[in-house]
Amino acid sequence: MRGPTDNEEERRVQAATCALTSMVKHLGVDPEPWMASALAPLPETLRISVHRSDRDWTLEQVKQLGGKPLSWMPDESGWVMPFARGRAPEGVAQRMMALLHETGRITRQEAASMLPVRLLDLTQETLALDLCAAPGSKATQLAEGLHPNGVVVANEPVSGRLNMLVSNRSRLSLANMVISQHDGRHLGRIPPPGFDAVVADVPCTGTATTRKNRDVWWNWTPREGRRMFKMQLEIAMRGAALLAPGGRLVYSTCSIDPIENEAVVAEILRRCPYLELVPIDDERLPGLTLHPGMNKWPCFDEKGMPTEPGEARNGLPFLDVAHLCPDDRIQQLEASEVAFETHLKEVLPGCRRLWHMDNDTGGFFLALLRHRPEASPEGIAQTFRSRRQLRNDAGWEPKVRNAPPHDKNTVVRADEEVQKEVFSVYGMDDSPYSVWQRGKRMNIAPPMVAQRLYDRECPNNKGELWPKGTFHPLRAVHVGMPAFTLKKNSWRTRQEALYLLSDVITKNTMDVNLETFTRLLRGWAPMVADFEEELGCKELPKGAFLLTTNLGSRTEMISVWIGARVTLMVDLSEQNLLRKKLDLPWRDEEE
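Before going into details, it helps to say that this report is about the structure given with it. Given the structure is predicted, the values throughout are model-derived calculations rather than measurements.

Along helix α7 (residues 137-146), nine of the ten residues are buried, which leaves the element largely enclosed by surrounding structure. Looking at α7, one finds that the buried residues are S137, K138, A139, T140, Q141, L142, A143, E144 and L146.

This brings us to the side chain of E144. In this structure, E144 sits in helix α7. The exposure class assigned to E144 is buried, which follows from its relative accessible area of 7%. If near-sequence neighbours (up to four positions away) are discounted, E144 is found in contact with R47, I48, S49, V50, H51, L172 and L174.

Attention shifts here to the pattern of salt bridges. Evaluated as defined, the whole model comprises 39 salt bridges. A salt bridge links E374 to R372, with the shortest nitrogen-to-oxygen separation between them at 3.5 Å. Salt-bridge contacts for D455 lead to R413; the nearest nitrogen and oxygen are separated by 2.7 Å. Residue D455 is located in the loop between α18 (447-454) and β17 (458-459), and its partner R413 is located in strand β14 (residues 412-413); the two are separated by 42 residues in the primary sequence. Classification of R413 by relative accessible area gives partly exposed; the value is 36%.

A few words on the environment of M442. By secondary structure assignment, the location of M442 is in strand β16 (residues 441-445). C-alpha of M442 to C-alpha of L127: the two residues are 315 residues apart in sequence and 22 Å apart in space.

Burial in helix α21 (residues 528-535) covers these residues: V528, F531 and E532. Taken end-on, α21 shows its buried residues confined to a sector of 95 degrees, consistent with a single buried face. In this structure, α21 carries A529 and E533 as exposed residues pointing more than 90 degrees from its buried face. In this fold, the buried residues of α21 make contact with β22 (509-511), α20 (514-521), β23 (543-551), β24 (554-562) and β25 (566-568).

The rules behind these values
- Residues numbered from 1 in each chain as written.
- Predicted model: local features only at pLDDT ≥ 70, side-chain atom pairs only at ≥ 80, totals over all residues.
- Heavy atoms only, no water.
- Buried < 20%, exposed > 50% of the residue type's maximum accessible area, 1.4 Å probe, protein only.
- Helix = DSSP H or I, 4+ residues; strand = E, 2+ residues; numbered from the N terminus.
- Contact = heavy atoms within 4.5 Å.
- Salt bridge = Lys/Arg side-chain N within 4 Å of Asp/Glu carboxyl O.
- Arc of directions from axis to C-beta.

Take a look at the structure:
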């Protein structure tokens, strides 16, 4: 009978006898050190937002809290803290961890989860896809690696989880994300040539997450991995079909079960002959202990015990021949098919496994696949290979179809006149951006969004064309970062955009001294006439307005509303972060 998951002794007793520990033992891992680590809480780990102008200040705060850099993350971007996940000491440490995360200076993320993005060669020309993106740790890591010109399409099918993805995009002030909503197995096409990089961190049973998901000790049995296999395979294959020649795809799970890992990779390679498995170079992740992928594994019964070929194995729930390791498959194959299974035995160790006890992390699985350019001489992703075009039907010309009609949620190019007016108000050059509108919001994104996702025709599966000037068939629900909002006939800058735009806004702004800036931060809301008189400035325009001040070597910008009074428009977390920079008390301590 299941006991309470927050009781350490109950967990230990359950772990010692459960199917999961039995499977680990029969995969050749010493269960004692593994279980000791798998039962312990995870350390707190985080990423520092490398694109923020106050990154150096954030680094100092993390160091003061006792953080140590992860050796395999570049540019001091990954850190491990001297306390358990979610258990920062009460007081300053707890408050600072929350504040740095809420204001987008850091992202709390499990160390193992940072690995898939580290395997990709990202450039400013990369168009990437995260197939299963929510809540957004890997998608935002991709976006930060591609900032400012590269783009990531972050996909999530579930509306509630998609909202988490949007929140994290806003929290981190990232303009180079396009958020789409599809089942990952049926992601809408984009124009050729396809994506340059794909992350397929697929849903899994989570058998490697026992350090944070305690229910796994009770709930998991081997049938769950076999049940997940088909969906995992189909998601990864959809990503592969959308991958441009030369592009790379990372397949990853937080599972231990070979059925969800090496078996999926083997089946991808069987079904997608245009792919090759790229051996993961351990030197790319210095200081991290990794283990080769497996090329031999058993099928487990519900108690986590290996089964032999025959009646016992054949009676396993959800068992499919694709779950078998190459040696077991060879016994059932024609002679002509044996060579490829032998090849799989040779290449599968090029995958990598991360065990809990080796690096004080959660467990993880990684595989890196590449679309061989010579397999697609047309230079486009496999999904675009129209049967009619391949047959060279005489006289056939692709028909250009009509795009679906727009509704209130459709993201479209911003109206040119409105765009010109808004950018003029703030003295900004709009050429570095593509500008989008959805309702009363105006968003900015890199030009690549327009160039590769919107301003090109896109073939459908019949070889017909969707027209330019639409994201369809990709269901893009959020594009770029909201930079301006229309309110009371005034286009206000949004707080999350100021971190990116403060250096390029030249109008509708005024520099004030640090004393004035501090007084406003501490609650001063003067009448406009008094403010103008005290600062000796010209009459201020009504509506949204921006103030800047020098704080050390940095310029800080805040938004105010000019009405009857000058009123601060900065959320509480950002106010407290600014207070920390100014050595002021927290807002609640001063009220």
